[in-house]
Amino acid sequence: MTGWSRTGSVTGLKPDPQPVLRPHGLISHAWRWGAGVISAGAGLVSILSYTHSMKAKFAPDSVAVSGLAAVRWVGITPALDTAKSIGDTINLAVTATDPHGNALVGVPTVWSSTDSIVAAVDSAGTVEARSAGTATIMVAVGGKIAKAQVVVRQHPAEVRIVGDSILRVPEGERAQAVAYVADARRHRILGLRARWRSADPSLAAVDSVGNATGTAVGHTIFSATHDHLVSHLGVEVYPVPASLTLVGGDGQRAPAGRQVPSPIAVQVVSRSGRPIEGVPVRFVLNEMAGVAEPQTGTSDAQGMVRVTWTLGGLPGRQSLAVSADGVANHTVVTAEAEPVGANTRITQVAEGLVGPASGQLSEAVVVRVTDSSGVALGDVPVAWLADDGGSIVSTQSRTDSLGEARARWTLGPKSGAQRAYVQVGSPRAVPRFVVAASALAGRAATLSLAGNVKREGSVSQVLKPAVELLVLDRARNPVPGVPVTLLPAHGSVDDSIPVTDSTGRVLVSWTLGRTAGLHRMSARVEGIDRPLEISARVRPAAPANLAFVEPKPGTANRAVQSLDADLTDAYGNPVADQPVVFSTRFGSVSPARVMTDAKGRAHTRWTPGTKTGERSLVAAVKGTEARATFILKAPEPAAPAKEPVAAQKTAPAKKQVVKKAPR
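Residues numbered from 1 in each chain as written. Predicted model: local features only at pLDDT ≥ 70, side-chain atom pairs only at ≥ 80, totals over all residues. Heavy atoms only, no water.

(A) Region of the structure containing the pairing of strand β35 (residues 433-440). Relative to β35, strand β29 (residues 353-356) runs parallel, the two sharing 4 bridges. Across the sheet, residue L353 finds its bridge partner in β35, namely A437. Taken together, the 7 bridges between strand β34 (residues 416-424) and β35 define a ladder with antiparallel strand orientation. Of the residues in β35, the one forming a bridge with R419 is A436. (Pairing = 2+ DSSP bridges. Helix = DSSP H or I, 4+ residues; strand = E, 2+ residues; numbered from the N terminus.)

(B) Molecular detail of the side chain of S299. On the secondary structure map, S299 appears in the loop between β24 (296-298) and β25 (304-310). Side-chain polar atoms of S299 contact the backbone oxygen of I276, separated by 2.8 Å. Ignoring anything within four residues of it in the chain, the contact list for S299 reads V268, I276, E277, G278, V279, M304 and V305. (Polar contact = N/O pair within 3.5 Å; in protein donor to acceptor, adjacent residues only side chain to side chain. Contact = heavy atoms within 4.5 Å.)

(C) Here's a closer look at the environment of S509. Checked against the element boundaries, S509 lands in the loop between β41 (505-508) and β42 (510-511). Sequence separation of S509 and S496 is 13 residues, and the distance between their C-alpha atoms is 9.8 Å. Within the structure, S509 has its side chain in polar contact with the side chain of D494 (distance 3.1 Å).

(D) A look at the pattern of salt bridges. For the coordinates displayed, the defined rule picks out 18 salt bridges. Here R406 and D400 are joined by a salt bridge, their closest N and O atoms 3.4 Å apart. Between D566 and R601 there is a salt bridge, with its nearest N and O atoms 2.7 Å apart. Of this pair, D566 sits in strand β46 (residues 561-568) while R601 sits in strand β50 (residues 601-607), and the two are 35 residues apart along the sequence. Judged by its relative accessible area of 23%, D566 is partly exposed. Salt bridges here are not isolated pairs; linked through shared partners, they connect R317, E336, D379 and R398. (Salt bridge = Lys/Arg side-chain N within 4 Å of Asp/Glu carboxyl O. Buried < 20%, exposed > 50% of the residue type's maximum accessible area, 1.4 Å probe, protein only.)

Note that all results are geometric; they support no functional claim without further evidence.
Structure, rendered in structure tokens:
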């Protein structure tokens, strides 16, 4: 029995070689001719057998062919063949003979495959290649079995590219190029891989397994190769919106409810910064943030979109969100709606702030900003400025939801009233607001005399002007309410522990002592280590006493008397630099007018004349009651001279002789 196959070449079968006659003689050629006739007969028998089997299969009243026990030999042609593509078919022919060598016709056959995944066979002996591998095809005829081996081995015929003819890759992003090696029937050959390469990696790069990256906008070609097989894939790198660039209009300021001076301008660009045309752009405003015109725009050839923005009526920061199709992140434009002076009210929350000079206030300075109807204005910019040498630092640059702003104020070094200024919004629209605080002086650090007055006075009198003391802190601020302890070494004071007034001063009423000269007094303040020493130059009082100095004994009979007169006040203090006038009726005096020296003494010379009896010299200080009279009495007669007594002679003293002791 012989199988059949369709006409035409069978894909996967090797072409028959051209017959070549070899020199084996006539018998050899005759044998070959006979074998050919037998093969042709076997083919005819196979056809008839197949026809008979088909008839028996479809004719229910047919009778099976007898003689199965007479089958002696079964063979398959070809016994070995190879398929080069999945889907190729191979037609196998079977021949069965009886014991006499005669071909049997119409004998039933049963075909099977040991691996139908690799190759499947139908009832007519047609084998179909399904996957790479080897399968054994068997046919059973009358208890006899014949085998043929079929090898499925795909041969590369082309490199096939999967997908469209053009690979479109977004700029800066990745894509996958897919290709495989196929056989003649376009089935993938497992285990073989196409390798990729780019004609222009500066536009689009690809690795060997097809991972593509769009580098720059443009067109290029990818090639997929395997050995000598090549396929080409067109590649287009196209720009995509990657970001929105804010070109202008951000951070503007305008009065609340007014249009900002410049339009808002944004540009749609790709990853490489190329402008993209025709991209829809939307402008979205929060509630109470005003109006944008237009709300939607399309980018022009330069990728630009422009819009005007009218701010909302509430002061503070306002924002405009800009988004574009294909751009993941939106862009935010901000503007400052400035408060209007006519509709803005500023108040200081806490009055009567008090703190130490050069020190920080214990509590923060708080101001509240509202509109004219009392509604709190939040998110309004507030700036602070301290005067009088202080400093102030805001804890927040804008008002909170209650319209309040706070700052920490360090007062200046001077005590007394100090000021700080609050600027809400623009100074062109809202005048600055003044906050006040009182700076208290610190602890007493220095005690000094106020002024540079020369302190001089008279004994037993109150020193004028009064002594003025000044108590200051380290910053040279006057310290009020400080007790000052006074310790006079001379004289007395009305109050020994006076207290400084609001200007840090003490006026001391110092009654000087009775002794002329330098008087001293010390002043002390608790907390100051060194006391203050105060001195005053004390003059004697008005001339009150004038007295002649008793002349030396034995000078009364001299023709010229040298006399001194001492001038003192009522307390016995010498009075200097006072003119003393000497006058007499007896003789002459020179000088008649003499200024007292530092010891209150006036010196003159009096020539009393020759008149006997008492003579007087008067000294006086004009304008005062100081007056003195010197009386010169007449000299007493001289006593008679006594006779001299002769002196007795005395014997000279004997000289004592001292005897020396023998050696």
